[in-house]
Amino acid sequence: EAQVTQNPRYLITVTGKKLTVTCSQNMNHEYMSWYRQDPGLGLRQIYYSMNVEVTDKGDVPEGYKVSRKEKRNFPLILESPSPNQTSLYFCASRRGQYTDTQYFGPGTRLTVL
Amino acid sequence: AQKVTQAQTEISVVEKEDVTLDCVYETRDTTYYLFWYKQPPSGELVFLIRRNSFDEQNEISGRYSWNFQKSTSSFNFTITASQVVDSAVYFCALSESGTGGFKTIFGAGTRLFVKA
């Protein structure tokens, strides 16, 4: 089954404790992206990756890092989480072109105390 | 600059009513794609439709229909004979060729309540 998976689905952590949210897709998609969803703001793009070892900032990259060492994986790293990073996070992938439909993971609800 | 506006924050209707969700976008590109996604209470994002900037044909899929008008930069979504299962947050999104197609801008979403 074609899918995008994220782990963990729920996470409560404390300020400053490094964490990683994993994202994996099994569709051999070139393009992957991370979004955060906050009430009243919709989804905002954090980082995206056009292919292995190629990443770039989205609209809200501060406080986040990503890596793309393999085509299927695109982890989101919070080196020193802060309460304003409490949010619902979505990973997405698509085949390549902007014309293609993005497929979203199930979401990760992160709470930073 | 690219922007997507969904002016309706929340809409509440009674089952079987028709409802239209508005989406207005801004872009300087002539080539772009528009999308609608549904987010039910369970939280996942479900793709509904994709429309490219050169195709202004309206589309109907069952009870769903979309009206794309470049003249007003709008891509509105209508649900006919709404049902309780339509209760969700609906997002409109824009993807442009000018940014390499790598950025997607979402509207803030419209929360639809359908009451039995």
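About the criteria used
- Note that residues are indexed from 1 along each chain, following the sequence as it is written.
- A letter from A marks each chain and a number from 1 marks each ligand, given out in the order of writing.
- Local features are withheld for residues below a pLDDT of 70 in this predicted model, meaning they are given only at 70 or higher, and side-chain atom pairs are given and counted only at 80 or more; totals for whole chains, interfaces and linings count all residues.
- Hydrogens and water molecules were not included; the side-chain quantities draw on all heavy atoms of the structure.
- Strands pair, by our definition, only if DSSP identifies at least two bridges between them.
- Helix and strand assignments come from DSSP, with helices taken as H or I runs of at least 4 residues and strands as E runs of at least 2, each series counted from the N terminus.
- Put simply, a disulfide is two cysteine sulfurs that come within 2.5 Å.
- Burial status follows relative accessibility: with a 1.4 Å probe on protein chains alone, a residue under 20% of its type maximum counts as buried, one over 50% as exposed, and anything between as partly exposed.
- Whether two residues are in contact is decided by their heavy atoms: any pair within 4.5 Å suffices.
- We define buried area as the total accessible area lost by two parts upon association, computed with a 1.4 Å probe and summed across both.
- Salt bridges are counted wherever a side-chain nitrogen of Lys or Arg sits within 4 Å of a carboxyl oxygen of Asp or Glu.
- Pairs of N or O atoms within 3.5 Å make up the polar contacts considered here, provided that, within protein, one atom can donate a hydrogen while the other can accept it, and that residues adjacent in sequence are counted only when both atoms are side-chain atoms.
- For the purposes of this section, nonpolar cores are sets of buried Ala, Val, Leu, Ile, Met, Phe, Trp, Tyr and Cys residues that join through side-chain atoms within 4.5 Å.
- Only Phe, Tyr and Trp rings are paired, with Trp represented by its six-membered ring, and only when their centres lie within 6.5 Å; those with planes under 30 degrees apart are stacked, over 60 edge-to-face, the remainder tilted.

Looking at the sheet that holds strand β8 (residues 76-78) of chain A
Residue and element names in this part refer to chain A.
- Ordered by their spatial adjacency, four strands build an open sheet running β1-β3-β8-β7, and the pairing between neighbours is antiparallel. With partners counted over all chains shown, the strands left at the sheet margins are β1 (4-7) and β7 (65-66), one partner each.
- Alignment of strand β3 (residues 19-25) against β8, held across three bridges, turns out to be antiparallel. By the bridge assignment for β8, V21 is matched with L76.

Thoughts on the state of the cysteines
- The full count for this structure, using the stated rule, is two disulfides over all chains.
- Linked covalently through their sulfurs, C23 of chain A and C91 of chain A form a disulfide whose S-S length is 1.8 Å. When the S-S torsion is -70 degrees, as for the bridge of C23 of chain A with C91 of chain A, the disulfide is left-handed. Taken together, the residues C23 of chain A in strand β3 and C91 of chain A in strand β9 (residues 87-94) connect sequence positions 68 residues apart.
- A relative accessible area of 2% places C23 of chain A in the buried class.
- Between the sulfur atoms of C23 of chain B and its disulfide partner C92 of chain B the distance amounts to 2.0 Å. An S-S torsion of about -65 degrees defines the bridge between C23 of chain B and C92 of chain B as left-handed. Residue C23 of chain B is located in the loop between β3 (19-21) and β4 (24-26), and its partner C92 of chain B is located in strand β10 (residues 88-96); the two are separated by 69 residues in the primary sequence. Both residues of the pair, C23 of chain B and C92 of chain B, belong to the buried class.

Observations regarding the interface of chain B and chain A
- If you look at the interface, chain B gives 22 residues, while chain A gives 22 residues.
- Interface of chain B and chain A: buried area, both sides summed, is about 1800 Å²; carbon and sulfur atoms make up 56% of it.
- Among the residues chain B hides against chain A, the three largest losses belong to L45, F102 and F106 of chain B. Together they make up 31% of the total.
- For D59 of chain A, the salt bridge identified is with K103 of chain B, shortest N-O distance 3.8 Å.
- At the boundary of chain B and chain A, one finds four residue pairs in polar contact (both at pLDDT 80 or more).
- When residues of the side of chain B that touches chain A are traced back to their parent elements, those giving at least two are β5 (32-39), β6 (46-52), β10 and β11 (104-106) of chain B.
- Ranked by residues supplied to the side of chain B that touches chain A, first place goes to β5 of chain B with five residues.

Comments concerning the pairing of β5 of chain B
Residues and elements named next belong to chain B.
- The buried fraction of β5 amounts to eight of the eight residues, a majority that puts the element mostly inside the structure.
- Burial of β5 is two-sided: the residues Y32, L34, W36 and K38 facing one way and the residues Y33, F35, Y37 and Q39 facing the other way are all buried.
- Pairing of β5 with β10 involves eight bridges; the strand directions are antiparallel. Counted as the bridge partner of Q39 is V89 from β10.
- The turn linking β5 back onto β6 is made up of six residues, and G43 within it adopts a positive phi angle of 100 degrees.

With respect to the nonpolar core
- Core analysis: the biggest nonpolar cluster contains 25 residues, and W36, W66, F77, Y90 and L112 of chain B have the highest contact counts within it.
- Within the second largest apolar cluster, 19 residues are counted, among which are C23, I46, Y47 and C91 of chain A.

Some points on the packing of aromatic side chains
- Applying the stated rule across the entire model yields 20 aromatic pairs over all chains.
- Relative to F47 of chain B, the ring of Y37 of chain B has its centre 6.0 Å away and its plane inclined at 65 degrees; by these criteria the two rings are edge-to-face. Here F47 of chain B lies in strand β6 and Y37 of chain B lies in strand β5, a separation of ten residues in the sequence.
- We classify Y37 of chain B as buried; its relative accessible area is 1%.
- Using a relative accessible area of 33% as the deciding quantity, one classes F47 of chain B as partly exposed.
- What links up through ring pairs into an aromatic cluster is the set Y35, F90 and F104 of chain A together with Y33, F35, Y37, F47, F91 and F106 of chain B.

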